[in-house]
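Each chain is listed here by its residues.
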Amino acid sequence: MAERKVIGKPVRKVDGIPLATGQPVFTLDVDLPGAAVGKVLHSPHAHAEIVRIDTSRAEELPGVLCVLHHGNVPRIPYTTAGQGWPEPSPYDSFLFDRKVRFVGDRVAAVAAESEEIADEALRLIEVEYRVLPAVLDPEGATAPGAPVIHDEEDARGIHDPQRNIAAAIDIRVGEIERGFSESDVVVETTCEFPYVQHVPLEPHCVIAYLDEEDRLVIRTSTQVPFHVRRIVARALGLPLSRIRVIKPRIGGGFGTKQEIILEDVAAALALRTRRPVVMKYTREEEFVAARTRHPMKVRVKLGAKKDGKLHAIEMDVLSNTGAYGTHSLTVLSNVGSKTLPLYNKAPHIWFHGKAVYTNLPVAGAYRGYGATQGYFALEVAIDELAEKLGIDPLELRLKNHIRAGETSPIFEKIGEGREGKAQVIRSCALEECIREGAKRIGWSEKRGKRLRDGPWVHGVGMAIAMQGSGITDIDMGAATIMMNEDGTFRLLVGATDLGTGSDTILAQIAAETLGVPVEAISVYSSDTDFTPFDTGAYASSTTYVSGNAVLLAARKVREEILRVASGILGEPPGELELRDGRVVSTRTGKGVPFAEVGHRAMYVTDQRHIIASASFVPPESPPPFAAFFAEVAVDVETGRVRVVKFVGVADCGTPIHPRLAEGQLEGAIVQGIGHALYEEMLLSKRGGVRNPNLFDYRIPTAADVPDIEVVLIPSEEPTGPYGAKSIAEVGINGPAPAIANAIYDAVGVRLYRIPFTPDRVLSGICSPAVLK
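Quantities reported herein were computed from a predicted structural model and do not represent experimental measurements. Think of each chain on its own: its residues are numbered from 1, step by step along the sequence as written. In keeping with the model being predicted, local features are shown solely for residues with a pLDDT of at least 70 and side-chain atom pairs are shown and tallied solely at 80 or more, while totals for entire chains, interfaces and linings include all residues. Water and hydrogen atoms play no part in the side-chain values, which are based on all heavy atoms of the structure.

Student: Outline the side chain of T358, supporting the account with residue identities and numerical values.
Tutor: Following the sequence through the fold, T358 ends up in the loop between β15 (348-357) and α9 (371-389). Here a polar contact is taken to be a pair of N or O atoms separated by no more than 3.5 Å, where protein atoms must pair a possible hydrogen donor with a possible acceptor and residues adjacent in sequence count only if both atoms sit in side chains. Polar side-chain contacts of T358 include one of 2.7 Å to the side chain of N320. Setting aside its immediate chain neighbours within four residues, T358 contacts R101, V135, D137, P138, I149, Y195, N320, G322 and A323. Only DSSP runs of H or I reaching four residues or more are called helices, and only runs of E reaching two or more are called strands; each is numbered from the N terminus. Working rule for contacts: check all heavy atoms of both residues, and any pair within 4.5 Å makes them a contact.

Written as structure tokens, this is what we have:
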């Protein structure tokens, strides 16, 4: 492998200085003259029909510019899920509807001269509701006689509306009954994942306005600018060409901004008032009316031979999609498609489940995207199986996990919501990850020892996981690279940097290919008028999908540079190479600076702009792998759990920027620890959120973050740009099961529902089985 100058180096982030110095780079860091404030009136009921709505008093209030509701806007079904076309989520949403389906659903929206006037206008809107029976339990959603949540005739793509089933899946490999009958040991466990929220530092916010050509411009904090354009065009009945979407810097996304939350309403208000409209959610609205992770109940049944080889796996999923079916099928699919291939030795597999509607908060995309819920159940079950077999859980995983050169029948049966290909794993350093993590946590010294320090008992647990790198044959990224006359470059990409550093990563790929430092690459991203198409930042796709597009474009530009330099140096392109901003002869050592190449191409001979574009659609989705190890201390008197140390070891191929990759892994682990120990949205008997604030809904603070050690084990993914795979999501899948297994190692308590709160842990400790 040739020595790399930029790849694998911790270069300065291209946006580091503006962010560190507080420059106005975020959505609301601009002031538009004459901007109005938009606000949404939310439903107080979980399920109700709007019998009458009277907005006259609100409209008469001085400073109110307009009020929108179901009676004065077009009725067009669409999905708010920011996914590729054709959208796999049902068209079950409307700008405003005659019916509300959860506490927090849209009833109306106002535009006013100030926030205070907008709030007063909302109070003046009179709404008469006919309250309907509500479905507040996913277990009862499909029961005979249950209220039908989506009974509208114009909705499309719902699996079974009469039974409140948004999506369903049923995948069989081999003969599952025979598999369990042939197994020597069988275990079965059910784990529950509650409502949790993304809690981005920056809530949803948007500015919509009409430009000088009367085109709609949407400046928004989104992960999916091109999907926003397409979906808003459908929702408002506008031509795509009349809409421009701009994505500035984002203050956190984690999946909740893979959704059209405010963009459609802000656009409608701007069109109606012909004024710029600014909208932003409060923190309470983020909890009540944005999106959450899909709550799930996942049952896993495992069968194995005496030697520990897995022989049968069943996974049964009940997913609560809430009031609307955004991401319902694809998240459900991922519960199995991102987990079951990890243990590919079992010849008999049955993956089935359904995503059901309830009159509860709407679930959507969240980092991990279903895999997180699946791994919680699967990795707890693997530990139980190891105990029943009398095998070290680490050795059981080593015996059964997928390796390079292997495949899984699940790859062939299912991708994200549709049939995929029988992908072959080309790179996998999972065994090295497991062994390195075990060494760093002290697995052999601590496992089963139950070391005690007063009331605190220590234990260690582990989990492994994989994810993916984009969506096969669906995702698409494109890039354009142009050479300036001074020999520097502009890189235009539709890829969305949501704080992950993808602008920097893509600049590194271009810089390495063109033989220049990153400082010679100016990156402009995420503007639907000026940058090439990209599906957006989700499915861990950017480094692999968009990165390959940048690599292809850079190679084209390199060939053009060599052709022009050949004319200057009088040598064939094949005897020239790019090195440190110069074209150099490999034969004579003579060279010419890029500035001369750029100047000649633009002004002197055979004039042309050195520019190239390329697109990339992934034919496969190489998974990153990771091993997670947790050491916990459990207070047997109070039930409190403290994570003493957490080790995460990952294979993301060749890390383009190791420090950013480590940051992604560490950040995902912290979120996973939050899921495991603290986070849960509490719901009232009427379906409302009881803790919609950061006092009552707890996320890990700096004081809560334990000693975290993250390690990258490099592998070379042959299909990735410079050997790279993804890293952003896989880290969130391991903390919950690793911590659950560590708690069991410490005090003998199996916990099947997160978070592992002191009362739940203490209840387990005090149970007769444990006391015995």
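This is not the end of the story, as more comes after the structure.
Student: Explain the pattern of salt bridges residue by residue, including any values.
Tutor: A carboxyl oxygen of Asp or Glu within 4 Å of a side-chain nitrogen of Lys or Arg is what we treat as a salt bridge. For the structure shown, the criterion picks out 59 salt bridges. A salt bridge links K39 to D119, with the shortest nitrogen-to-oxygen separation between them at 3.6 Å. Of this pair, K39 sits in strand β1 (residues 36-42) while D119 sits in helix α3 (residues 115-124), and the two are 80 residues apart along the sequence. Exposed residues in this analysis have more than 50% of their type's maximum accessible area, buried residues have under 20%, and partly exposed residues fall in between, with area computed by a 1.4 Å probe over protein chains only. On the basis of relative accessibility, which here comes to 25%, the residue D119 falls in the partly exposed class. Here R101 ties to E152 by a salt bridge, and the two come within 3.0 Å at their closest N and O atoms. With R101 in the loop between β4 (99-100) and β5 (106-112) and E152 in the loop between β6 (126-131) and β7 (165-173), this residue pair connects regions lying 51 residues apart in the sequence.

Student: Give a description of helix α8 (residues 328-337) that names residues and reports values.
Tutor: In terms of residue burial, α8 counts as a mostly covered element, since 10 of its 10 residues are buried. Along α8, the positions that sit buried rather than exposed are S328, L329, T330, V331, L332, S333, N334, V335, G336 and S337. In this structure, the buried side of α8 is in contact with β7, β13 (296-304), β14 (310-322), β15, α9 and α11 (409-413).

Student: Provide a residue-level description of helix α6 (residues 263-273), including the pertinent values.
Tutor: Burial runs high along α6: 9 of the 11 residues are buried. Taken together, the buried positions of α6 are E263, D264, V265, A266, A267, A268, L269, A270 and T273. Once α6 finishes, R274 follows within two positions and takes phi at roughly 55°, a positive value.

Student: Break down the domain arrangement of the protein for me, with residues and values.
Tutor: Split by domain assignment, the protein resolves into domain 1 (16-24 + 476-616), domain 2 (33-132 + 201-252 + 257-289) and domain 3 (296-471 + 620-771). Reported domain spans reflect what an automatic or database domain assignment gives. Taking only C-alpha atoms into account, the centre of domain 2 sits 36 Å from that of domain 3. Along the contact surface separating domain 2 from domain 3 lie 0 salt bridges. Across the side of domain 2 that touches domain 3, the residue classes break down as 9 nonpolar, 9 polar and 6 charged. For this classification, the nonpolar set comprises Ala, Val, Leu, Ile, Met, Phe, Trp, Tyr, Cys and Pro, the charged set comprises Asp, Glu, Lys and Arg, and every other residue, Gly included, is treated as polar.

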